[in-house]
Amino acid sequence: MIKRWVIPDIHGYVKTLKSMVNDVIRPMRSDEIYFLGDYVDRGPDAKGVIDFIRSMQKEGYNVTPLKGNHEDFMVELYDAEKQSVSAWWHNFGNRKHKSWMDIGGKTTLGSFDVPHIRDIPVEYIEWMRNLPHYAELDHFVLVHAGLNFKNEDPYADKRAMMWLRDYEIKPEKIGGRRIIHGHVPVNMELITLAIKNKIYKFIDLDNGPYMTGKEGYGNLVALEINGMEMVIQNNVDI
């Protein structure tokens, strides 16, 4: 029987990701692996994370990487810098650049060994631009952040899928499915509780791999959703 793994926010920690995939999960090519976005920023090697996921795709692994808010931010900033032909676009790009630095953009630039986001090879930008926003499975909806249940069609709001934080889940609008997401770091106790108790309408798998100094945080988590088996990889990049 195939396994279906869900892995949330990686944030540039490529050694941790490789250890999780190669040493812990050890997937067959027939298995399914879903990444929930936020491959870049904060950690030391965003480029390495993208390269590793793309190499899995090229080698025939059944990989579905979703789009996170950090990818969305990078694409928007890249476009702003490329289009800064007017004062408005220039000022917009400068504001976005400062915000990006505040959320870990400096390490991402370092991983590409470039001084400006406009110098990142376009193939990486286009890969991020074209990532899907969600995956709908038999019993789960996988998404980076969440769904806007205020809409008649929760799938219509693509921005909410990458950026939303607080929302009331209405399972009847998504066929009674549970949501599995990342985006907001939570401690291991809450992750474990949500996995073991179907009363929870969501499972937040983000343990904040960059939060290594905070008790109950700092790991990369993966969930095998057929058997509801969780595995944990501590951050080996730090």
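Calculation criteria
- Residues numbered from 1 in each chain as written.
- Predicted model: local features only at pLDDT ≥ 70, side-chain atom pairs only at ≥ 80, totals over all residues.
- Heavy atoms only, no water.
- Salt bridge = Lys/Arg side-chain N within 4 Å of Asp/Glu carboxyl O.
- Helix = DSSP H or I, 4+ residues; strand = E, 2+ residues; numbered from the N terminus.
- Buried < 20%, exposed > 50% of the residue type's maximum accessible area, 1.4 Å probe, protein only.
- Pairing = 2+ DSSP bridges.
- Contact = heavy atoms within 4.5 Å.
- Polar contact = N/O pair within 3.5 Å; in protein donor to acceptor, adjacent residues only side chain to side chain.
- Phe/Tyr/Trp six-rings, centres within 6.5 Å; stacked < 30°, edge-to-face > 60°.
- Axes fitted to C-alpha atoms, helices over the stretch in contact; angles between N-to-C directions.
- Lys, Arg positive; Asp, Glu negative; His and termini not counted.

Caption draft 1: Focus on the pattern of salt bridges. Taken as a whole and judged by the stated rule, the model has nine salt bridges. Taking the shortest distance from any N to any O, the salt bridge between Lys96 and Glu76 comes out at 2.8 Å. Of this pair, Lys96 sits in helix α4 (residues 87-102) while Glu76 sits in helix α3 (residues 69-82); the two residues are 20 residues apart in sequence, bridging distant segments of the chain. Residue Glu76 is classed as partly exposed on the basis of its relative accessible area of 31%. Shared partners join several salt bridges into a network, and the residues in it are Asp79, Glu126 and Arg129.

Caption draft 2: Here's a closer look at the pairing of strand β9 (residues 229-234). As paired elements, strand β8 (residues 219-224) and β9 share six bridges and run antiparallel to each other. Within β9, the residue paired with Leu223 across the bridge is Met230. The hairpin formed by β8 and β9 contains four residues between the paired strands, and Met228 there has a positive phi angle of roughly 50°.

Caption draft 3: Region of interest: the side chain of Asn207. Take Asn207: it is sitting in the loop between β7 (202-204) and β8. For Asn207, a relative accessible area of 1% corresponds to the buried category. Excluding residues that lie within four positions of it along the chain, Asn207 makes contacts with Pro185, Val186, Asn187, Met188, Ile191, Gly216, Tyr217, Gly218, Asn219 and Val221.

Caption draft 4: Seen up close, the environment of Arg29. Along the polypeptide, Arg29 turns up in the loop between α1 (14-25) and β2 (32-35). With 31 residues separating them along the chain, Arg29 and Gly60 place their C-alpha atoms 6.5 Å apart. Once residues lying within four places of it in the same chain are set aside, the contact partners of Arg29 are Glu59, Gly60, Tyr61 and Asn62. Looking at Arg29, its side chain comes within polar contact range of the main-chain oxygen of Glu59, at 2.8 Å.

Caption draft 5: Just the packing of aromatic side chains, in detail. Inspection of the entire model under this criterion finds seven aromatic pairs. Aromatic side chains Phe35 and Tyr39 sit 6.5 Å apart centroid to centroid with 80° between the ring planes, which places their arrangement in the edge-to-face category. In this pair, the class of Phe35 matches that of Tyr39, namely buried. Measuring from ring centre to ring centre gives 5.0 Å for Phe112 and Tyr124, while their planes differ by 80°; the resulting arrangement is edge-to-face.

Caption draft 6: Broad picture of unusual backbone geometry. Positive phi, close to 60°, is recorded for Asp38, a residue that is not glycine. Along the chain, Asp38 turns up in the loop between β2 and α2 (46-58). Assessed through its relative accessible area of 2%, Asp38 is described here as buried. Here the phi dihedral of Asp41 falls at roughly 70°; this positive angle occurs in a residue that is not glycine. Mapping Asp41 onto the fold places it in the loop between β2 and α2. According to the relative accessible area criterion, Asp41 is buried, its value standing at 0%.

Caption draft 7: Quick peek at the sheet that holds β7. Strands sit in the order β4-β5-β6-β7 across an open sheet of four strands; the sheet is mixed. Edge positions in the open sheet fall to β4 (134-136) and β7, since each of these has one partner strand only. Sheet twist, expressed as the mean angle between neighbouring strand axes with direction ignored, is 15°. Summarising the sheet, strand β6 (residues 178-181) and β7 pair through three bridges and their orientation is parallel. From the neighbouring strand, Ile180 faces β7, where its bridge partner is Ile203.

Caption draft 8: Just the side chain of Lys67, in detail. Here Lys67 shows up in the loop between β3 (62-65) and α3. Despite its burial, Lys67 pairs with no opposite charge; the closest candidate is Asp72, at 4.2 Å N-O. Polar side-chain contacts of Lys67 include one of 3.3 Å to the backbone oxygen of Arg129. In this view, Lys67 contacts Gly37, Asp72, Met128, Arg129, Leu131, Pro132, His133, His144 and Met162; residues no more than four positions away in its chain are not counted.

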